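Coordinate inspection notes
Here is how the chains run, residue by residue.
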Amino acid sequence: MCGRFALTATPDQTAALLGLAELEDFPARYNIAPTQPVLMVTAGVPRAPGSNLPDRQPMLVRWGLIPAWVKDTREFPLLFNARSEGAIEKASFKAAMRHRRALVPASGFYEWRQTGGKKGQPYWIRPRHGGLIAFAGLIETYAEPGGSEMDTGAILTVNANADIAHIHDRMPVVVDISDFARWLDCRTLEPRDVVDLLRPAQPDFFEAIPVSDLVNKVANTGPEIQERGEIGPEPEKVRRQKPGADDSQMRLF
């Protein structure tokens, strides 16, 4: 699962990673959540022979994919993740897997380890050696009943590797830079031709840093949410007893 992530690199750094000519200026985002706009990149119109211009295009996409066949969005779940194991066949994702594969730039993501408490321990999970990464994404353009169109998207997930498995059993698919062109090529490559890219990151690729519960609130958007910090155990509930009762008299043994 990937329910929150961050993109804190500059537009120039992001454009360089994704092979884009340029990107409009945008601020660092430390707590990106579903339903918010996210940057995704798709293959663009092929350039003329000999052109040195990039053939990729950036898009702002609502994080939460809506398939084109949905009639009432109020009765449809929020698909911000897509399980890679069934994306080729599942009705919600198979059209996007064939026609609209995308890259989602990120500096890292957040995950929660359940500890028996209500909230769980959040972790900031980032590349061990720093830098930007790109998740495998899918895009679907949804035509609203009023006639307007909305670009929506999801992040593909896979079984977690050893770095993450003790925190959560799923993780986003990270596409290696050498595989960007393959993943984005929806003209000549079928989903079955790129399914080998839907795999966990290599061991030791990520490091997981425990952080405070500031990340739990979408309204918290500053860099402080990535500072190291752990949530202590919840205090045990004290058993209530009647006023004046002697606890020793309430026991049989």
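Residues numbered from 1 in each chain as written. Predicted model: local features only at pLDDT ≥ 70, side-chain atom pairs only at ≥ 80, totals over all residues. Heavy atoms only, no water.

With a phi angle near 80 degrees, Thr35 is a residue other than glycine that sits in the positive phi range. Structurally, the position occupied by Thr35 is in the loop between strand S2 (29-32) and strand S3 (37-43). On the basis of relative accessible area, Thr35 is assigned to the partly exposed category, the value being 46%. Phi is positive for Asp204, which is not a glycine, with a value near 70 degrees. One can find Asp204 in the loop between helix H4 (191-194) and strand S12 (206-210). (Helix = DSSP H or I, 4+ residues; strand = E, 2+ residues; numbered from the N terminus. Buried < 20%, exposed > 50% of the residue type's maximum accessible area, 1.4 Å probe, protein only.)

Moving on: the pattern of salt bridges. Throughout the structure, instances matching the rule amount to seven salt bridges. Close ionic contact of Glu140 with Arg100 constitutes a salt bridge, the shortest N to O distance being 2.7 Å. Here Arg100 lies in the loop between helix H2 (94-99) and strand S6 (101-106) and Glu140 lies in strand S9 (residues 133-143), a separation of 40 residues in the sequence. Take Glu140: its relative accessible area is 6%, and that puts it in the buried class. For Arg126, the salt bridge goes to Glu207, with nearest N and O atoms at 2.7 Å. Remark: Glu207 occurs in strand S12 and Arg126 occurs in strand S8 (residues 121-127); sequence separation between them is 81 residues. (Salt bridge = Lys/Arg side-chain N within 4 Å of Asp/Glu carboxyl O.)

On to the side chain of Thr152, then. Its place among the elements puts Thr152 in strand S10 (residues 149-159). Within polar-contact distance, the side chain of Thr152 engages the backbone nitrogen of Ile66 at 2.9 Å. Excluding its chain neighbours within four sequence positions, the residues that come into contact with Thr152 are Val61, Arg62, Gly64, Leu65, Ile66, Leu138, Ile139 and Glu140. (Polar contact = N/O pair within 3.5 Å; in protein donor to acceptor, adjacent residues only side chain to side chain. Contact = heavy atoms within 4.5 Å.)

Evaluated as defined, the whole model comprises eight aromatic pairs. Taking 6.0 Å as the distance between ring centres and 75 degrees as the angle between the ring planes, the aromatic pair formed by Phe5 and Phe135 counts as edge-to-face. On the criterion of sequence distance, the pair formed by Phe5 in strand S1 (residues 4-7) and Phe135 in strand S9 is long-range, its members being 130 residues apart. Grouping residues by exposure puts Phe5 and Phe135 together as buried. Centre to centre, the rings of Tyr110 and Trp124 are 4.9 Å apart; their planes meet at 40 degrees, and the pair counts as tilted. (Phe/Tyr/Trp six-rings, centres within 6.5 Å; stacked < 30°, edge-to-face > 60°.)

In this section: the environment of Lys94. Its place among the elements puts Lys94 in helix H2. The spacing of Lys94 and Pro191 is 97 residues in sequence and 8.6 Å in space, taken between C-alpha atoms. Each residue touching Lys94, except ones within four places of it in the same chain, is listed here: Ala87, Ile88 and Glu89.

Turning next to the nonpolar core. Judged by nonpolar contacts, the single largest core of 58 residues is most densely connected at Phe5, Phe135, Leu138, Leu156, Trp183 and Phe206. For this core, the element with the most residues is S9, which contributes six residues. In this structure, Trp183 is in contact with Met97, Arg101, Ala102, Leu103, Ala136, Gly137, Leu138, Leu156, Val175, Val194, Leu197 and Leu198, ignoring residues within four places of it in sequence. Core analysis: the next-biggest nonpolar cluster, separate from the first, contains nine residues, Tyr110, Trp112, Trp124 and Val215 among them. (Core = buried A, V, L, I, M, F, W, Y, C linked by side-chain atoms within 4.5 Å.)

Turning our eyes to something else, we now look at the sheet that holds strand S7 (residues 108-113). With respect to topology, five strands assemble into an open sheet ordered S2-S1-S7-S8-S12, the strand pairing being antiparallel. The open sheet has two edge strands, S2 and S12, and neither has a second partner. If you compare each strand with its neighbour and ignore which way they point, the axes differ by 25 degrees on average. Summarising the sheet, S1 and S2 pair through two bridges and their orientation is antiparallel. Considered in S2, the bridge of Leu7 is made with Arg29. (Pairing = 2+ DSSP bridges. Axes fitted to C-alpha atoms, helices over the stretch in contact; angles between N-to-C directions.)

Right, let's talk about the confidence of the model for the protein chain for a bit. The predicted model of the protein chain averages 89 in pLDDT, with 89% of residues at 70 or higher. Scored below 50 in pLDDT, residues 242-253 makes two contacts in the model with residues more than four places away or belonging to other chains. (pLDDT = per-residue confidence, 0-100.)

Now for helix H1 (residues 11-18). Residues Pro11, Thr14, Ala15, Leu17 and Leu18 constitute the buried set of H1. The arc that holds the buried residues of H1, viewed along the axis, is 160 degrees, so those residues lie on one side. Of the residues in H1, the exposed ones pointing more than 90 degrees away from the buried face are Asp12 and Ala16. Where H1 is buried, its residues meet S1, S3, strand S4 (56-63), S6, S9 and helix H3 (180-184). (Arc of directions from axis to C-beta.)

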